[in-house]
Amino acid sequence: MPEDVPVVDFGTTSGELDPAAPRARRRGRTTLLIATAAVLGLVAGTCAGYLVQADREPTKLASLSQPVVAQAKGAGPEPLSAAQDYRVKTDGDLRKLLLKRPKGAQDADWLDDDKWMDIAEYAESFTKPAGAFSNLVGDEFRRAATTGWSVGDTYTVDIRLVQYRQEEKLAASDAAENGHYWANAKENTHSWAIPGTSDGRAYVHSTPKTEAGYLPMYEAQAQAWRGDIAMEIWVYDTKPISKSKIMDLAKRQMERL
């Protein structure tokens, strides 16, 4: 009989055989026959199972089609009214969303009869019209509606609703943010959040503009946006302008959008 063969413990890392590991005996023919019988038994069992299944009636499969769900009775959801659907209002005549001229006031002398501003006219209201025109093209300017009035010889109001197509970017919010930047850049400026807006603000500039031969001119403004429309309000007077005056205009104008 040959000598026993040592078994290697693969759990060690030293590279040497573990002296405490037991020695395994060489397996004889009896073990092989038992293993073969076990395999044949598994094969025979499989064949017997196959024969039993062959003698049975086939089991019907469940239908793949699902029952039709009956549609709920009654009409579908009601369409939004014009008051609820923002696009119904803003895709119509934008001029109808502008604040109405108050009683006792006169139309501003700079105001066009149709109250529309095309891209060239709107660009002219900037200090650098050529650059503004190029930016407005890139911002997908759609149209602008404007109104304004004067009370007496010194108090004036100018309101603009500027609409963008917004196919590539949110230009209305960008325009309002740009307005905030320049409003805050002026010295001695106070500002307040406009209720009902995400980031709209009203500004009062306490230091007047002065020019030889003219009375000092005080200024207040409001910048906000909703959807695809940016709102701008400018108020001028030879007397300081109160917070309540610019805030009232801004709140009422945003409520119409």
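Before any of the text, the structure's been laid out above.
What you are looking at is a predicted structure, and each value in this text was computed from that prediction instead of being measured. (Residues numbered from 1 in each chain as written. Predicted model: local features only at pLDDT ≥ 70, side-chain atom pairs only at ≥ 80, totals over all residues. Heavy atoms only, no water.)

Examining the environment of Pro-208
- Mapping Pro-208 onto the fold places it in strand β6 (residues 201–209).
- Sequence separation of Pro-208 and Lys-239 is 31 residues, and the distance between their C-alpha atoms is 8.8 Å.
- Not counting residues within four places of it along the chain, the set of residues in contact with Pro-208 comprises Pro-216, Met-217 and Tyr-218. (Helix = DSSP H or I, 4+ residues; strand = E, 2+ residues; numbered from the N terminus. Contact = heavy atoms within 4.5 Å.)

What about the packing of aromatic side chains?
- Summed over the entire model, instances satisfying the criterion amount to four aromatic pairs.
- Look at Tyr-122 and Phe-126: their rings are 5.2 Å apart centre to centre, the planes differ by 90°, and that puts the pair in the edge-to-face class.
- Pairing Phe-141 with Tyr-164 gives two aromatic rings, centres 6.5 Å apart and planes at 90°, and the pair type is edge-to-face. Of this pair, Phe-141 sits in strand β3 (residues 141–151) while Tyr-164 sits in strand β4 (residues 155–164); the two residues are 23 residues apart in sequence, bridging distant segments of the chain.
- Using a relative accessible area of 11% as the deciding quantity, one classes Phe-141 as buried.
- Taking relative accessible area as the criterion, Tyr-164 reaches 3% and is therefore assigned buried.
- An aromatic cluster is built from Tyr-122, Phe-126, Phe-141 and Tyr-164, whose rings are joined through pairwise contacts. (Phe/Tyr/Trp six-rings, centres within 6.5 Å; stacked < 30°, edge-to-face > 60°. Buried < 20%, exposed > 50% of the residue type's maximum accessible area, 1.4 Å probe, protein only.)

Observations concerning helix α6 (residues 243–255)
- Taking 1.5 Å per residue as the helical rise, α6 with its 13 residues ought to reach 18 Å, and the 18 Å between its terminal C-alpha atoms agrees with that figure.
- If you check which residues of α6 are buried, you get Ile-246, Met-247, Leu-249, Ala-250, Gln-253 and Met-254. When α6 is viewed along its axis, its buried side chains cluster within an angular range of 160° and face the same direction. Turned more than 90 degrees away from the buried face of α6 sit Ser-244 and Glu-255, all of them exposed.
- Elements in contact with the buried residues of α6: β3, β4, β5 (189–193), β6, β7 (217–226) and β8 (229–237). (Expected span 1.5 Å × (residues − 1). Arc of directions from axis to C-beta.)

What to know about the pattern of salt bridges
- Taken as a whole, this structure holds eight salt bridges when the rule is applied.
- Notably, a salt bridge pairs Lys-209 with Glu-219, separated by 3.3 Å at the nearest N-O pair. Taken together, the residues Lys-209 in strand β6 and Glu-219 in strand β7 connect sequence positions ten residues apart.
- Using a relative accessible area of 4% as the deciding quantity, one classes Glu-219 as buried. (Salt bridge = Lys/Arg side-chain N within 4 Å of Asp/Glu carboxyl O.)

Describing the side chain of Glu-219
- At 2.7 Å, the side chain of Glu-219 forms a polar contact with the side chain of Lys-186.
- A polar contact is formed between the side chain of Glu-219 and the side chain of Lys-209, at a distance of 3.3 Å.
- What Glu-219 contacts, discounting residues up to four positions off in sequence, is Lys-186, Val-204, His-205, Lys-209, Trp-234, Val-235, Tyr-236 and Ile-241. (Polar contact = N/O pair within 3.5 Å; in protein donor to acceptor, adjacent residues only side chain to side chain.)

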